[in-house]
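# Chain and residue survey
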Amino acid sequence: MAISNNTTKNLQKFAGKIQKNRYMSAISNGLMSTLPFLIIGAFSTLFSALAWEPYQNLIAPIKSIIGLGSTMTTGIISLYAVFFIAYRLAQSFDKDPLIPAATALLSFLVLTPVETFDTVRALPFQWLGAQGLFVAMFVGLLAARMYIWVVDRNWTIKMPDGVPPTVIKTFMGLIPAVLVVVVFVIIAGVFMQTPYVTVHQLIYSYLQVPLEGLGGSLGALIIALIVMQLLWMFGIHGAIVTLAIVKPIWMSLDLANLNAFEAGSPLPNIIGLAFWSIFANYAPMLAFALLLTFLAKSKQLRTIGKLGLPGTFFSIHEPMIFGIPVVMNPILAVPFILAPVVCCIIGYFATTVGLLPAPIGIYPPFGTPIFALGIIEGSWRLAFAQLLLIPVCMLIYYPFFRALDRQALVKERAAEEEARHEGRTDTEASMVTS
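Here the residue index of a chain counts from 1 through its sequence in written order. Selection of residues for local features in this predicted model requires a pLDDT of at least 70, selection of side-chain atom pairs for listing and counting requires 80 or more, and totals for whole chains, interfaces and linings are taken over all residues. In computing side-chain values, all of the structure's heavy atoms are included and hydrogens and water are not.

If you check an unreviewed UniProt entry, the protein appears there as Permease IIC component from Paenibacillus enshidis. UniProt positions are given in the numbering used here, feature names are shortened, and annotations may be inferred rather than shown by experiment. Here the protein is described in UniProt, under the heading Function (unreviewed entry), as follows: "The phosphoenolpyruvate-dependent sugar phosphotransferase system (PTS), a major carbohydrate active -transport system, catalyzes the phosphorylation of incoming sugar substrates concomitant with their translocation across the cell membrane." Under the heading Subcellular location (unreviewed entry), UniProt records this for the protein: "Cell membrane".

Okay, the packing of aromatic side chains next. Only centres within 6.5 Å qualify two rings of Phe, Tyr or Trp (six-membered ring in Trp) as a pair; their planes then separate them into stacked at under 30 degrees, edge-to-face at over 60, and tilted for everything else. Using the criterion set out here, one finds 14 aromatic pairs in the structure. Ring centres of phenylalanine 288 and tyrosine 397 lie 4.7 Å apart, and the angle between their planes is 15 degrees; on these two criteria the pair is classed as stacked. Placement of the pair is phenylalanine 288 in helix H16 (residues 283–295) and tyrosine 397 in helix H21 (residues 380–433), with a sequence separation of 109 residues. For every residue, the accessible area (1.4 Å probe, protein chains only) is compared with the maximum for its type, and the residue is labelled buried under 20%, exposed over 50%, or partly exposed between those bounds. According to the relative accessible area criterion, tyrosine 397 is buried, its value standing at 1%. One aromatic cluster in this structure is built from Phe37, Tyr80, Phe83, Phe84 and Tyr87. Here a strand is any run of E in DSSP of at least two residues, a helix any run of H or I of at least four, and the numbering for each starts at the N terminus.

For helix H19 (residues 330–352), with 23 residues, the first-to-last C-alpha span of 34 Å sits near the 33 Å given by 1.5 Å per residue. Under this definition, polar contacts are N or O atom pairs within 3.5 Å; protein pairs additionally need one hydrogen-donor-capable and one acceptor-capable atom, and for neighbouring residues in sequence, both atoms have to be side-chain atoms. Its side-chain oxygen at 3.1 Å from the backbone nitrogen of isoleucine 331, asparagine 329 defines the N-terminal cap of H19. One less than the number of residues in a helix, times 1.5 Å, gives the span that helix is expected to have.

Looking at the element boundaries, glutamate 377 is found in the loop between helix H20 (370–376) and H21. The convention is simple: Lys and Arg are positive, Asp and Glu are negative, and His and the chain ends are not counted. Salt bridges, as used here, are contacts in which a Lys or Arg side-chain nitrogen is within 4 Å of a carboxyl oxygen on Asp or Glu. Buried within the structure, glutamate 377 lacks any salt-bridge partner; arginine 381 is the closest side chain of opposite charge, at an N-O distance of 13 Å.

Its 14 residues give helix H8 (residues 98–111) an end-to-end C-alpha distance of 20 Å, which sits within 8% of 20 Å, the value for a rise of 1.5 Å per residue. Listed as buried for H8 are Pro100, Ala101, Thr103, Ala104, Ser107, Phe108 and Leu111. Looking down the long axis of H8, one finds its buried residues gathered within 160 degrees of arc, a one-sided arrangement. Any pair of residues with heavy atoms lying within 4.5 Å of one another is described as a contacting pair. Lining the buried residues of H8 we find helix H7 (77–92), helix H9 (133–152), helix H11 (174–192) and helix H12 (199–215). In this context, the arc is that of the directions from the helix axis out to the C-beta atoms.

On to the pattern of salt bridges, then. Tallied over the full model, the rule gives 2 salt bridges. Salt-bridge contacts for aspartate 152 lead to lysine 95; the nearest nitrogen and oxygen are separated by 2.9 Å. Note that aspartate 152 is positioned in helix H9 and lysine 95 in the loop between H7 and H8, a separation of 57 residues in sequence. The class for lysine 95 is partly exposed, based on a relative accessible area of 22%.

In what follows, a disulfide is any cysteine sulfur pair within 2.5 Å. Evaluation of the coordinates by the stated rule reveals 0 disulfides. Here cysteine 343 stays unpaired: no disulfide links it, and the sulfur of cysteine 393, its closest cysteine neighbor, is 3.2 Å away. Cysteine 343 provides the cysteine sulfur closest to cysteine 344, a residue in no disulfide bond, and the two sulfurs are 6.9 Å apart. Owing to a relative accessible area of 1%, cysteine 344 belongs among the buried residues under this scheme.

Moving on to the side chain of serine 44. One can find serine 44 in helix H3 (residues 35–49). You can call serine 44 buried: its relative accessible area is 7%. Ignoring any residue separated from it by four or fewer positions in sequence, one finds serine 44 in contact with Ile66, Gly67, Leu68, Gly69 and Ser70.

Written out as structure tokens, the structure is:
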């Protein structure tokens, strides 16, 4: 027990550091803030690129208009990301976030090459979308942190009393913004003298592509799932901790799929946030809830199953995890970790051999129903696969569920026997008194 308590404390401390790290939180929360734009872009792509010939013939005159939502959201997602990441970081330092966020956006644009086509100068979309996402993260953090560093040293313009607050904030941010942008202009100038020409090319070639290759592998997904489920077992919100690390990689993989889908090209990636959501995030806990609801002999487990079952259709698992509880429950440790891993392995190989299509990369809003998610991701076959995974997970959980049910039933019968015994004792005592 002492070892278990120490392990729990150490894991909680480690997870707490990740969750409380202001830079990790800024990236995670900043990317989360882009969700409305990702959803708009995803559905714009879905409606403009739906591969059904009669539908395509119908929308042909307005297809380019329908696609505008995608072009100006997922097509330039790095612009939104750099702004919101810097915004969240400035907020964590209790600074007015608007000017540092706008400064980070300007710094990102300074690093982005402008190309000339005949007599037209243009900002290419290449580095504004998924390919520029990692540069956006670095610039968002660095530009905002530099801005805060300058402000903390009072290198600002002080305005006299009576000046409106908006004017004060604007002039206060003038010197920090200028200094930050000058630094990024120098960085852009230095890279122009190198074979890479731009920061984007260096980061994409030597960091983003290798990380996407690693993060998009089945092995990396399994490791992430095991860590996630282990943290849950110790009472730590495993999804928050793990996704803070892998979300940028998986999101860039999904965006690459979404862009390929819009262009009518083969989808380059299998694994991403969409894949994790489809295969790991529904069937395991839904299967467990069904066992509890319909097969449990224990009143307590049956009641928890009935209460938790509706939420599992919408990826809401906390009532089950903390109601059973799954936390610190050695009986449920194996199926709780194994079931999502098995689901993802099945999904991965089914996709590899062509039985299932890869998800098109829409990052679903929280609470999307289980089968709707598969259809949104591009195919009824994904929704059908989710359905087939439920009995697979029920088989994985069943022997452990039976052991848990027997244990709970013994406790309930012991409690009932004790209650009856106490009732008889009270009756006998009243007879003696009378």
